[in-house]
Amino acid sequence: VTAVFAANDHMAMGVLRAFGEAGRRIPRDVSIAGYDDVPEAEFQMVPLTTVAIDAESTAERILAELVHMIELGRPTTDSVDLEARLVIRRSTGRRPDR
(Lines give C-alpha, C1' and ligand atoms only; values in the text may rest on other atoms or scores of the structure.)
Protein backbone atom coordinates (compact mmCIF):
# COMPACT_ATOMS: atom_id res chain seq x y z
CA VAL A 1 0.00 0.00 0.00
CA THR A 2 1.41 3.37 -0.99
CA ALA A 3 -1.61 5.58 -0.29
CA VAL A 4 -4.80 5.60 1.77
CA PHE A 5 -7.78 7.93 1.35
CA ALA A 6 -10.00 7.49 4.39
CA ALA A 7 -13.73 8.24 4.51
CA ASN A 8 -13.15 10.85 7.24
CA ASP A 9 -10.31 12.49 9.14
CA HIS A 10 -10.79 10.45 12.30
CA MET A 11 -10.29 7.23 10.36
CA ALA A 12 -7.28 8.76 8.60
CA MET A 13 -5.75 9.71 11.97
CA GLY A 14 -6.13 6.08 13.07
CA VAL A 15 -4.39 4.99 9.87
CA LEU A 16 -1.59 7.51 10.54
CA ARG A 17 -1.06 5.99 13.97
CA ALA A 18 -1.24 2.39 12.79
CA PHE A 19 1.29 2.91 10.00
CA GLY A 20 3.54 4.87 12.35
CA GLU A 21 3.46 2.07 14.92
CA ALA A 22 4.26 -0.41 12.13
CA GLY A 23 7.38 1.58 11.25
CA ARG A 24 6.07 3.06 8.01
CA ARG A 25 7.22 6.61 7.30
CA ILE A 26 4.56 9.14 6.37
CA PRO A 27 4.57 10.29 3.55
CA ARG A 28 7.77 8.63 2.32
CA ASP A 29 6.38 5.09 2.51
CA VAL A 30 2.66 5.81 2.41
CA SER A 31 0.55 8.92 1.82
CA ILE A 32 -2.60 9.37 3.89
CA ALA A 33 -5.54 11.73 3.35
CA GLY A 34 -8.89 12.19 5.03
CA TYR A 35 -12.14 13.98 4.46
CA ASP A 36 -13.90 16.77 6.39
CA ASP A 37 -10.97 18.79 7.85
CA VAL A 38 -11.67 18.41 11.55
CA PRO A 39 -9.68 20.88 13.69
CA GLU A 40 -7.30 18.26 15.12
CA ALA A 41 -6.21 17.08 11.63
CA GLU A 42 -3.75 19.96 11.44
CA PHE A 43 -2.13 19.08 14.77
CA GLN A 44 -1.19 15.41 14.29
CA MET A 45 2.47 14.34 14.53
CA VAL A 46 2.30 14.42 10.74
CA PRO A 47 -0.34 17.04 9.79
CA LEU A 48 -3.10 15.37 7.80
CA THR A 49 -3.94 16.22 4.19
CA THR A 50 -7.71 16.41 3.89
CA VAL A 51 -10.67 17.50 1.83
CA ALA A 52 -12.40 20.43 3.54
CA ILE A 53 -16.12 20.94 3.31
CA ASP A 54 -18.47 23.54 4.73
CA ALA A 55 -20.40 21.22 7.04
CA GLU A 56 -23.25 23.67 7.65
CA SER A 57 -24.05 24.37 4.00
CA THR A 58 -23.58 20.69 3.13
CA ALA A 59 -26.05 19.67 5.86
CA GLU A 60 -28.53 22.33 4.69
CA ARG A 61 -28.32 21.09 1.10
CA ILE A 62 -28.76 17.46 2.11
CA LEU A 63 -31.72 18.31 4.37
CA ALA A 64 -33.39 20.32 1.59
CA GLU A 65 -32.97 17.37 -0.77
CA LEU A 66 -34.41 14.96 1.82
CA VAL A 67 -37.45 17.18 2.46
CA HIS A 68 -38.04 17.41 -1.29
CA MET A 69 -37.85 13.63 -1.63
CA ILE A 70 -40.33 13.14 1.22
CA GLU A 71 -42.77 15.68 -0.21
CA LEU A 72 -42.56 14.70 -3.89
CA GLY A 73 -41.32 11.12 -3.70
CA ARG A 74 -38.32 11.76 -5.94
CA PRO A 75 -34.99 13.59 -5.83
CA THR A 76 -34.66 17.07 -7.32
CA THR A 77 -31.81 15.95 -9.60
CA ASP A 78 -29.73 12.90 -10.43
CA SER A 79 -26.77 14.34 -8.53
CA VAL A 80 -25.96 16.95 -5.93
CA ASP A 81 -22.82 19.07 -6.28
CA LEU A 82 -21.13 20.13 -3.05
CA GLU A 83 -18.18 22.48 -2.75
CA ALA A 84 -14.95 21.17 -1.29
CA ARG A 85 -11.29 22.13 -1.30
CA LEU A 86 -8.13 20.11 -0.93
CA VAL A 87 -5.99 21.08 2.08
CA ILE A 88 -2.50 19.75 1.45
CA ARG A 89 -0.45 19.09 4.56
CA ARG A 90 2.54 16.84 5.24
CA SER A 91 0.80 13.43 5.24
CA THR A 92 0.95 13.20 1.45
CA GLY A 93 3.81 13.50 -0.98
CA ARG A 94 5.52 12.08 -4.02
CA ARG A 95 6.54 8.50 -3.77
CA PRO A 96 10.30 8.17 -4.19
CA ASP A 97 11.45 6.27 -7.26
CA ARG A 98 12.28 2.66 -6.50
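Conventions we followed
- Residues numbered from 1 in each chain as written.
- Predicted model: local features only at pLDDT ≥ 70, side-chain atom pairs only at ≥ 80, totals over all residues.
- Heavy atoms only, no water.
- Helix = DSSP H or I, 4+ residues; strand = E, 2+ residues; numbered from the N terminus.
- Patch = residues over 30% accessible without salt bridge, like charges linked within 9 Å, V, L, I, M, F, W, Y side chains within 5 Å.
- Areas by Shrake-Rupley, 256 points an atom, 1.4 Å probe, with all protein chains shown as cover.
- Salt bridge = Lys/Arg side-chain N within 4 Å of Asp/Glu carboxyl O.
- Lys, Arg positive; Asp, Glu negative; His and termini not counted.
- Charge placed at Lys NZ, Arg CZ, Asp CG, Glu CD.

Let's shift gears to unusual backbone geometry. With omega at 0°, the peptide bond leading from Ile26 into Pro27 counts as cis. Looking at the secondary structure, you find Pro27 in the loop between helix H1 (9-21) and strand E2 (31-35). The backbone of Asp36 shows a phi angle near 120°, a positive value even though the residue is not glycine. With respect to the helices and strands, the residue Asp36 is situated in the loop between E2 and strand E3 (49-53).

All right, on to a negative patch on the surface then. On the surface, Asp54, Glu56, Glu60 and Glu83 cluster together into a negatively charged patch. Along the chain, Glu56 falls in helix H2 (residues 55-72).

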